[in-house]
Amino acid sequence: MFARTMLAAFAALIASHAAVWAEANWLRISKGFGIHYLPLYIMEKQNLVEKHAAAAGLGDVKVSYRVLDGGNVINDAMLSGALDIASGGVPGFITLWDKARNIPQSQVMGLTGVGAGSVWLVTRNPNVQTLADFTDKDKIAVPGIKTSFVAVVLQMAAAQAFGKENYARLDKLTVGMPHPEALAAMLSGKTEITAHFSSPPFSYIENDQPGFRRVVNSADVAGPLTIIMSFATRRFYDANPKLSAAFVAAMDEAAHFVAANKREAARIYIELARVKTSEDEMMRMLDDPETRYSAAPDGAMKYAEFLHMIGTIKTKPASWKEMFFPPVHDRPGS
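A brief structural summary. (Residues numbered from 1 in each chain as written. Predicted model: local features only at pLDDT ≥ 70, side-chain atom pairs only at ≥ 80, totals over all residues. Heavy atoms only, no water.)

## Things to note about the packing of aromatic side chains
And step 1. Tallying each qualifying case throughout the model produces seven aromatic pairs.
And step 2. Summarising the aromatic geometry, the rings of Phe93 and Phe324 are spaced 6.0 Å apart at their centres and angled 55 degrees between planes, so their arrangement reads as tilted. Separated by 231 residues along the polypeptide, Phe93 in helix H5 (residues 90-100) and Phe324 in the segment after helix H14 (300-309) bring together distant segments of the chain.
And step 3. Accessibility expressed as a relative area gives 1% for Phe93, which makes it buried.
And step 4. Exposure remark for Phe324: the relative accessible area of 1% places this residue in the buried category.
And step 5. Between Trp120 and Tyr204 the ring centres are 4.7 Å apart and the planes differ by 25 degrees, which places this aromatic pair in the stacked class. Residue Trp120 is found in strand S5 (residues 120-123), and its partner Tyr204 is found in helix H8 (residues 202-207); the two are separated by 84 residues along the sequence. Judged on exposure class, the residue Trp120 and its partner Tyr204 are both buried.
And step 6. An aromatic cluster is defined as three or more aromatic residues linked by ring pairs; in this entry it consists of Phe93, Phe231, Trp320 and Phe324.
And step 7. Cation over ring: Arg214 sits above Trp120, and NZ or CZ is 4.4 Å from the ring centre. (Phe/Tyr/Trp six-rings, centres within 6.5 Å; stacked < 30°, edge-to-face > 60°. Helix = DSSP H or I, 4+ residues; strand = E, 2+ residues; numbered from the N terminus. Buried < 20%, exposed > 50% of the residue type's maximum accessible area, 1.4 Å probe, protein only. Lys NZ or Arg CZ within 6 Å of the ring centre and 35° of its normal.)

Structure (structure tokens):
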């Protein structure tokens, strides 16, 4: 009887703590280059995920941040299990969502929006004034060919300029290259790279150079929509509901911090991103009305509709909520 009583008590103890014990105590998050990832830099500096995980009763959760750039690289890392929560461009996520939507063990869904704003296509070729002026002698640097945010915006711009049937007209000119390397190539003028489609601070640095000019502003093509978002596999989310909620809460806190403390946020970005940008230059970017941060995704359906139109994805979601986990369904997303 004593043994049965102790066994029952032990079973009850296990049941009462099962939810906590089942959740991970180590979280791997990706971040990228550019100020649209700023909330993630704030979360890292201020240990915000750890703070909200502890408040949820998850104990001492270790969080690591890894820099990954380009839709293909991020998607491969997510599907291989090298990441728990990824961050990247909305089009790249939608492509992965569509690819894995019918595979239960690999299904991927959005967690939050991260950063919204605009990206610019800047050229150093004096002969290029519009998209129609690019020739086979030009090479356009993008983080990921066809799947990165800027690569898809380039397709949207081409469809707008040359007709939707010619959306891929400039794809053959694109070269996959991380933003810092592309910036260095543009400034040196000694490589084949004559244009770079990028986010701040890289776009601002290039556009300020003598002889450089902006050819495309994504806000003129699609509006100032969410550029960077976070996402995870359903397997991770279902196994870690409290940890996922802690991440969303941390994103909310980071977005509010940036809005209330822009200069301090600028300092944090400069420190962690190790960019050669002054605080005043960062403030110019953060004061741009197109730049904003929110866990609510803005414009996900606009991307999905375009990607479905050109055949990149097979399934067009009925609503943005179809692509996101429930914690942000009550937000004013689109």
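## Points about the nonpolar core
And step 1. Formed by 111 residues in total, the largest nonpolar core has its most connected members in Met43, Leu121, Leu131 and Phe134.
And step 2. The element best represented in this core is helix H6 (residues 149-162), accounting for 11 residues. (Core = buried A, V, L, I, M, F, W, Y, C linked by side-chain atoms within 4.5 Å.)

## Quick word on the environment of Asn47
And step 1. Relative to the elements of secondary structure, Asn47 occurs in the loop between helix H2 (38-46) and helix H3 (48-55).
And step 2. As for Asn47 and Thr130, which are separated by 83 residues in sequence, their C-alpha atoms are 44 Å apart.

## Remarks on empty space enclosed by the protein
And step 1. Counting across every chain of the model gives two cavities of 30 Å³ or more.
And step 2. If you add up the space inside the largest cavity, you get close to 210 Å³.
And step 3. Lining the largest cavity are 24 residues, with Tyr37, Asp69, Gly89, Phe149 and Ile228 positioned closest to its centre.
And step 4. In terms of residue class, the lining of the largest cavity is built from 11 nonpolar, 12 polar and one charged.
And step 5. The volume enclosed by the second largest cavity comes to roughly 40 Å³.
And step 6. Forming the walls of the second largest cavity are Gly117, Phe149, Val153, Ser218, Ala222, Gly223, Leu225, Ile227 and Tyr303.
And step 7. Here the residues of the lining of the second largest cavity sort into six nonpolar, three polar and no charged. (1 Å grid on protein atoms, 1.4 Å probe; cavity = no way out; pocket = protein on both sides within 12 Å on 5 of 7 lines; lining within 4 Å. Points joined across faces, edges and corners; volume = space filled by probe spheres on them. Nonpolar A, V, L, I, M, F, W, Y, C, P; charged D, E, K, R; others polar.)

## Quick notes on the packing of H2 against helix H11 (residues 241-260)
And step 1. One can describe the packing of H2 onto H11 by two numbers: an axis separation of 9 Å at closest approach and a directional angle of 105 degrees. Taken together, the axis directions place H2 and H11 in an arrangement best described as roughly perpendicular. Two secondary-structure elements touch here, H2 through Leu38, Pro39, Leu40, Ile42, Met43 and Gln46 and H11 through Phe247, Ala250, Met251, Ala254, Phe257 and Val258.
And step 2. Across the contact of H2 with H11, the residue classes tally to 11 nonpolar, one polar and no charged. (Axes fitted to C-alpha atoms, helices over the stretch in contact; angles between N-to-C directions. Parallel < 35°, antiparallel > 145°, perpendicular 65-115°, else oblique. Contact = heavy atoms within 4.5 Å.)

## Quick word on the environment of Leu170
And step 1. Its location among the elements puts Leu170 in the loop between H6 and strand S7 (174-176).
And step 2. For Leu170, a relative accessible area of 3% puts it in the buried group.
And step 3. As for Leu170 and Asn240, which are separated by 70 residues in sequence, their C-alpha atoms are 42 Å apart.
And step 4. Once you skip the residues sitting within four places of it in the chain, Leu170 turns out to touch Leu131, Phe134 and Leu154.

## Re the sheet that holds strand S9 (residues 213-217)
And step 1. With respect to topology, five strands assemble into an open sheet ordered S7-S6-S8-S5-S9, the strand pairing being mixed. Each edge of the open sheet is held by one strand with a lone partner, namely S7 and S9. Ignoring which end each strand starts from, the neighbouring axes of this sheet average 30 degrees apart.
And step 2. One ladder, built from four bridges, connects S5 with S9; its direction is antiparallel. Paired with Leu121 across the two strands is Val216, which belongs to S9.
And step 3. Taken strand by strand, H6 contacts S5, strand S6 (139-142), S7, strand S8 (193-198) and S9, and its axis lies near 100 degrees from that of S8.
And step 4. The strands touched by helix H7 (residues 179-188) within the sheet are S5, S6 and S8, with S8 carrying the most contacts at an inclination of about 145 degrees. (Pairing = 2+ DSSP bridges.)

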